[in-house]
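If you want the building blocks of each chain, they are given just below.
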Amino acid sequence: MSVIDTIKQWFRKGGAKIGMVQSLQAITDHPKINIDPDEYKRIAVDKQYFEGRFPKIKLHNTDGKMFERPYVTLNMMQVICRRLSSLLYNEQCKILVDTQAQTDSDDDAGPSAPDEADKFVHSVLADNDFNKNFERYLESALALGGLCIRPYVDPSTKTIKLAWIQAPNFFPLRSNTNDISEAAIATPTVKTINGNRIYYTLLEFHEWHADGYTITNELYRSDVAGQVGIKVPLGELYPGMAEVAQMDAFSRPLFVYLKPAGFNNRNITSPLGLGICDNARNTLKQINDAFDQFNWEVQMGQRRVAVPDSMIQLVFEKDGMQQPRQIFDQNQNVFIPIAGGGPDDTKIQDLTTPIRSTDYTAALNHFLKTLEMQVGLSAGTFSFDAQGLKTATEVVSENSMTYQTRNSHLTMVERAIKELCVSICELAKSYGLYVGSIPTPDQVSVDFDDGVFTDKAASLDYWTKALAAGIVPKYIAIERALGVPEDVAKRYAAEISDSITTSTPPSPNDVVFGGGDG
């Protein structure tokens, strides 16, 4: 941010504080928001790479005239974020809320069955299609560096809904090294009034005060896209919405902020997360440039054949102008007339240049390997060949880079899901939609599906050999090899032992699950 921009921002914020200025150029100009505006410039660049939208390429043709052509990209940021989001969360993940550890001395708990919180949370998640939406919005969180989930009450249905706020619309107000406790959430809306497009921005300020948790709503209106504009009454767009809502009995903010694992080295004091490709933009540009040049070379490499102009007939139109007419197919653009040669000259010259596909493929693969290293993916995850971009299909072992990166991100994802379950119950209880116990984050467990990283045959072979060596109990071998809970594994082990006892004893050379201790 330049010195002039900084001075302008000081004046705008100072004027807003004393009531002189009623207009905001950007959301970061609001006196309550103290985040560095450069963070949102970085997010805007991430968004551009994630969308794959870049300016057209300008170049000169053979005649020296300027023309434009589309910039063709491989959009690897979107490919990486989509792949990682599917590895982090999918429909096989299981969420369990267990309030059995809740003490009976909690007077606010009310009459509740042990599984009432779990049942209510799952009904809310199912109603919001959480499994599909969470995996989808995880792509945005990984690309832009953050995602906010905000539960709210739908007044028409009296149910809990989930709002997904992406990084450009989330502004921290107060934070510490561990979490963001206060924030502003922006909701942009565009309306057409009398043929003119009007741009509204609703700002929700989530803050803690001496009286508890409050949400303050402010509405701004602008006639220019990209500007917040002037403050207007809420009723202009949201009739019946209160300017201030007092929320009681909340243990945590009414929003969940999820950011990717890793330190924000672009701004070491910022509470915002960093996109997984923020430190790999140069490599992303190299990949895009190489792919764009390769695509252009393919287009320029189409067949060209030079023929003598004597093979082109000239006809006279009614206005006396000469117009060339090819002897060849009217829909053919392969043949190019070359001046010179007599009427009997039939020499044809092939001008087609070979496409450097091998060189471009090698360059793209080199850049892809660099990108894999920078974002924490296993070597060989991506490759580019004559058929296009491919992803590795081999099973990823537990010591692979992708597995380690996934585990780092899962720590943040698990924490966000636990906090969301708590906020859902607290919000519902404050509106009388739920009367059960409020779970703590420790009473919420998330079982992520590791099947994509597990070779079932290899796992069965490994634990069978471990059991045969006598170094693990048989129920442990069954639990790990089959992926079943401990109580189920013990039941299986008991049934196997009973079956072995009543059947013919196995040969010493046979390896069975019943041969271990346990």
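Residues numbered from 1 in each chain as written. Predicted model: local features only at pLDDT ≥ 70, side-chain atom pairs only at ≥ 80, totals over all residues. Heavy atoms only, no water.

This next bit is on the overall build of the protein. Across its full length, the protein holds eleven helices and 21 strands. Scored against the burial criterion, the 518 residues of the protein give a buried share of 41%. Here the analysis covers contacts within the protein between residues at least 6 apart in sequence; of these, 62% occur between residues at least 24 apart. Within the structure as shown, the protein displays about 28800 Å² of accessible surface, and the carbon and sulfur contribution to it stands at 52%. (Helix = DSSP H or I, 4+ residues; strand = E, 2+ residues; numbered from the N terminus. Buried < 20%, exposed > 50% of the residue type's maximum accessible area, 1.4 Å probe, protein only. Contact = heavy atoms within 4.5 Å. Areas by Shrake-Rupley, 256 points an atom, 1.4 Å probe, with all protein chains shown as cover.)

Summed over all chains, the structure comprises 23 salt bridges. With its nearest N and O atoms 2.8 Å apart, the salt bridge here joins Asp 292 to Arg 69. Placement of the pair is Asp 292 in helix H6 (residues 281–300) and Arg 69 in strand S3 (residues 66–69), with a sequence separation of 223 residues. Under the relative-accessibility criterion, Asp 292 is labelled buried at 3%. (Salt bridge = Lys/Arg side-chain N within 4 Å of Asp/Glu carboxyl O.)

Attention now moves to helix H2 (residues 37–51). In an α-helix there are 3.6 residues to a turn, and that puts residues three or four apart on one side. Along its 15 residues, H2 runs 21 Å from first to last C-alpha, staying within 8% of the 21 Å computed at 1.5 Å per residue. Taken residue by residue, H2 has Pro 37, Glu 39, Tyr 40, Arg 42, Ile 43, Asp 46, Tyr 49 and Phe 50 as its buried positions. Capping the start of H2, Asp 36 holds a side-chain oxygen 3.0 Å from the backbone nitrogen of Asp 38, two or three residues further along. Gly 52 sits one or two positions beyond H2 and adopts a positive phi of about 75°. (Expected span 1.5 Å × (residues − 1). Polar contact = N/O pair within 3.5 Å; in protein donor to acceptor, adjacent residues only side chain to side chain.)

Running from N to C, helix H5 (residues 130–144) and helix H8 (residues 401–430) point in directions that differ by 130°, and their axes come no closer than 13 Å. It follows from the interaxial angle that H5 and H8 lie oblique. Taken as a pair, H5 and H8 cross one another with a handedness that is right-handed. Across the interface between the two elements, Phe 130, Phe 134, Leu 138 and Leu 142 of H5 pack against His 409, Val 413, Ile 417 and Leu 420 of H8. Per-class residue counts for the contact of H5 with H8 are seven nonpolar, one polar and no charged. (Axes fitted to C-alpha atoms, helices over the stretch in contact; angles between N-to-C directions. Parallel < 35°, antiparallel > 145°, perpendicular 65-115°, else oblique. Left-handed = near helix turned anticlockwise from the far one by under 90°. Nonpolar A, V, L, I, M, F, W, Y, C, P; charged D, E, K, R; others polar.)

In this section: the nonpolar core. Within the largest apolar cluster, 96 residues are counted, with the highest numbers of intra-cluster contacts made by Met 76, Ile 80, Phe 130, Phe 134 and Phe 170. Broken down by element, the residue count for this core peaks at ten residues, all from H8. For Phe 134, the residues in contact, after removing those within four places along its chain, are Tyr 89, Ile 149, Trp 164, Leu 258, Val 413 and Ile 417. Core analysis: the next-biggest nonpolar cluster, separate from the first, contains 13 residues, Leu 467, Val 472, Tyr 475 and Val 488 among them. (Core = buried A, V, L, I, M, F, W, Y, C linked by side-chain atoms within 4.5 Å.)

Let's shift gears to unusual backbone geometry. Its identity as a non-glycine residue notwithstanding, Asp 129 has a phi of 50°, on the positive side. Here Asp 129 shows up in the loop between helix H4 (116–127) and H5. Residue classification places Asp 129 among the partly exposed residues on the basis of a relative accessible area of 35%. With phi around 55°, Asn 194 is a residue other than glycine that occupies positive phi space. Within the secondary structure, Asn 194 is located in the loop between strand S8 (180–193) and strand S9 (196–209). For Asn 194, a relative accessible area of 77% gives the class exposed.

Each pair of packed helices can be summarised by the angle the axes make with each other and by the distance between the axes. The interhelical angle for the contact between H2 and H5, taken along N-to-C directions, is 125°, at an axis separation of 9 Å. Taken together, the axes of H2 and H5 lie oblique to each other. At the point where H2 passes H5, the crossing takes the right-handed sense. Counted together, Arg 42, Ile 43, Asp 46, Lys 47 and Phe 50 of H2 and Glu 139, Ser 140, Ala 143 and Leu 144 of H5 form the full contact between these two elements.

Moving on, we get to the side chain of Asp 154. By the secondary structure assignment, Asp 154 is in strand S5 (residues 147–154). Here Asp 154 sits buried without a salt bridge, and the closest side chain of opposite charge, Lys 161, lies 5.2 Å off (N-O distance). Of the polar contacts made by the side chain of Asp 154, one reaches the side chain of Ser 156; its length is 2.8 Å. If sequence neighbours within four positions are ignored, Asp 154 has contacts with Thr 159 and Lys 161. (Lys, Arg positive; Asp, Glu negative; His and termini not counted.)

This part takes up the pairing of strand S21 (residues 444–447). Of the two faces of S21, only the one carrying Val 444 and Val 446 is buried; Ser 445 and Asp 447 on the other face are not. Relative to S21, strand S4 (residues 94–97) is paired through four bridges, and the arrangement is antiparallel. Within S21, the residue paired with Leu 96 across the bridge is Ser 445. (Pairing = 2+ DSSP bridges.)

Another point: the pairing of S8. As paired strands, strand S7 (residues 170–175) and S8 are joined by five bridges and run antiparallel to one another. When the sheet's bridge partners are listed, Phe 171 is paired in S8 with Ala 184. Here S8 runs beside S9; their pairing, made up of eleven bridges, is antiparallel. Bridging across to S9, Thr 192 finds its partner in Arg 197. The turn joining S8 and S9, which pair antiparallel and follow one another in sequence, is formed by two residues; a positive phi near 55° is taken by Asn 194.

Each strand in a sheet pairs with another by means of backbone hydrogen bonds, the pair being arranged parallel or else antiparallel. The strand order across the open sheet formed by three strands is S6-S5-S13, and the pairing between neighbours is antiparallel. The open sheet is flanked by strand S6 (159–166) and strand S13 (256–258), the only strands paired with a single partner. Taking each pair of neighbouring strands and ignoring which way they run, the sheet shows an average axis angle of 25°. With three bridges connecting them, S5 and S13 associate as antiparallel partners. Across the sheet, Cys 148 pairs through a bridge with Tyr 257, a residue of S13.

Now for H4. Taking 1.5 Å of rise per residue, twelve residues should cover 16 Å, and H4 covers 17 Å from first to last C-alpha, within 8% of that figure. Just downstream of H4, Asp 129 is the residue with a positive phi angle, here 50°.

Let us look at the confidence of the model for the protein. Residues with a pLDDT of 70 or more make up 74% of the protein, whose mean pLDDT is 81. With pLDDT under 50 throughout, residues 109–114 is counted as low confidence; its partners more than four residues away or in other chains account for twelve contacts. Every residue in residues 511–518 is under pLDDT 50, and counting partners more than four places away or in other chains gives 21 contacts. (pLDDT = per-residue confidence, 0-100.)

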